[in-house]
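Spelled out, the chains give:
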Amino acid sequence: MILIDLFYMSVGRLWLTQAEEHPPVELSIAVDTDSETLVRMGETLLATKGGCLLCHKVTEQGNTRGPDLREVGARAATRVPDTTAEAYLTQSLIDPGAYVVKEFATADGATIMPPADKPPAELSPTELKALIAFLQSLGGK
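Definitions and cut-offs
Residues numbered from 1 in each chain as written. Predicted model: local features only at pLDDT ≥ 70, side-chain atom pairs only at ≥ 80, totals over all residues. Heavy atoms only, no water. Helix = DSSP H or I, 4+ residues; strand = E, 2+ residues; numbered from the N terminus. Buried < 20%, exposed > 50% of the residue type's maximum accessible area, 1.4 Å probe, protein only. Polar contact = N/O pair within 3.5 Å; in protein donor to acceptor, adjacent residues only side chain to side chain. Contact = heavy atoms within 4.5 Å. 1 Å grid on protein atoms, 1.4 Å probe; cavity = no way out; pocket = protein on both sides within 12 Å on 5 of 7 lines; lining within 4 Å. Points joined across faces, edges and corners; volume = space filled by probe spheres on them. Nonpolar A, V, L, I, M, F, W, Y, C, P; charged D, E, K, R; others polar. Phe/Tyr/Trp six-rings, centres within 6.5 Å; stacked < 30°, edge-to-face > 60°. Axes fitted to C-alpha atoms, helices over the stretch in contact; angles between N-to-C directions. Parallel < 35°, antiparallel > 145°, perpendicular 65-115°, else oblique. Salt bridge = Lys/Arg side-chain N within 4 Å of Asp/Glu carboxyl O. Core = buried A, V, L, I, M, F, W, Y, C linked by side-chain atoms within 4.5 Å.

Visitor: Got a minute to help me understand the side chain of Glu127 in this structure?
Guide: Here Glu127 is to be found in helix α5 (residues 125-137). Judged by its relative accessible area of 8%, Glu127 is buried. In terms of polar contacts, Glu127 uses its side chain to reach the side chain of Lys49, at 2.9 Å. Not counting chain neighbours up to four residues away, the residues in contact with Glu127 comprise Leu27, Leu45, Lys49 and Glu122.

See below:
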């Protein structure tokens, strides 16, 4: 019995692939972080921790529960008069009920999107900045 146990333990240890999970790399934005790096960080967050692609799409293929994010950088600059694209996107992520797109609202006009700085995404201020940079890059500056 011991020999059989040792045999199966050695097979599992020596020949089977072991999966390792590591915590996500902590994002840090410094004064000298270039915009291209910031955009890449935001793109990664959009597809992973942010969970945005569960409802939105950034390509022809994707989900349609929420607004299409293609060209959102350009649209954000024109949605609210005297508001920059960055301010609009920040407000939309932190308080999704502030600017609800009518076609994606619930029957009572509310939003289904949770705030990005609260669970389940729980993005830090640094992560929000990177995500906004990526969203701005989609058709905007």
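Right, picking up where we left off after that structure.
Visitor: Help me understand the layout of surface pockets in this model?
Guide: The calculated volume of the largest pocket comes to roughly 810 Å³. Considering the residues around the largest pocket, the lining is formed by 35 residues, among which His56, Pro67, Ser92, Leu93 and Met113 are closest to the centre. When residues of the lining of the largest pocket are traced back to their parent elements, those giving at least two are α3 (72-79), α4 (85-94) and α5. Considering only residue class, the lining of the largest pocket consists of 25 nonpolar, six polar and four charged.

Visitor: Looking at this structure, I do not really get the packing of aromatic side chains. What am I missing?
Guide: The description of an aromatic ring pair rests on the distance of the ring centres and on the angle between the ring planes. Counted by the stated rule, this structure contains two aromatic pairs. Here the aromatic rings of Phe7 and Tyr8 are separated by 5.2 Å at their centres, their planes lie at 75 degrees, and the arrangement is edge-to-face.

Visitor: Which parts of the structure should I look at to understand unusual backbone geometry?
Guide: For the bond running from Pro119 to Pro120, omega is 15 degrees, close enough to zero to count as cis. The topology assignment puts Pro120 in the loop between α4 and α5. Although it is not a glycine, Asp82 sits at a positive phi angle of roughly 60 degrees. Inspection of the secondary structure assignment puts Asp82 in the loop between α3 and α4. Residue class for Asp82 comes out exposed when judged on its relative accessible area of 87%. One non-glycine residue, Glu122, lies in positive phi territory at about 50 degrees. Within the secondary structure, Glu122 is located in the loop between α4 and α5. Judged by its relative accessible area of 47%, Glu122 falls in the partly exposed class.

Visitor: Help me understand the packing of helix α2 (residues 35-47) against α5, please; the structure alone is not making it clear to me.
Guide: The relative placement of two packed helices is expressed as an angle between their axes plus a distance between the axes. For the pair α2 and α5, the least separation of the axes is 7 Å and the interaxial angle reads 100 degrees. The angle between α2 and α5 places the two elements in the roughly perpendicular class. Listed contacts from α5 to Leu38, Val39, Met41, Gly42, Glu43, Leu45 and Leu46 of α2 are Glu127, Lys129, Ala130, Leu131, Ala133, Phe134, Leu135 and Ser137. Residue composition of the contact of α2 with α5, grouped by class: ten nonpolar, two polar and three charged.

Visitor: What is the right way to read the pattern of salt bridges from this model?
Guide: Side-chain pairs of opposite charge can arise whenever the charged atoms involved come near each other. Counted by the stated rule, this structure contains six salt bridges. Arg70 serves as the salt-bridge partner of Glu60, at 2.8 Å between the closest nitrogen and oxygen. Of this pair, Glu60 sits in the loop between α2 and α3 while Arg70 sits in the loop between α2 and α3, placing them ten residues apart in sequence. Through salt bridges that share partners, Glu60, Asp68 and Arg70 make up one connected network.

Visitor: I would appreciate a short explanation of the nonpolar core in the present structure.
Guide: Grouped together as the largest cluster of nonpolar side chains are 25 residues, with contacts concentrated most on Leu46, Leu89, Leu93, Leu123, Leu131 and Leu135. Among the secondary structure elements, those contributing two or more residues to this core are α2, α3, α4 and α5. The element contributing the most residues to this core is α5, with seven residues. Leaving out residues up to four positions away in the same chain, Leu131 has contacts with Gly42, Leu46, Cys52, Leu93 and Leu123.

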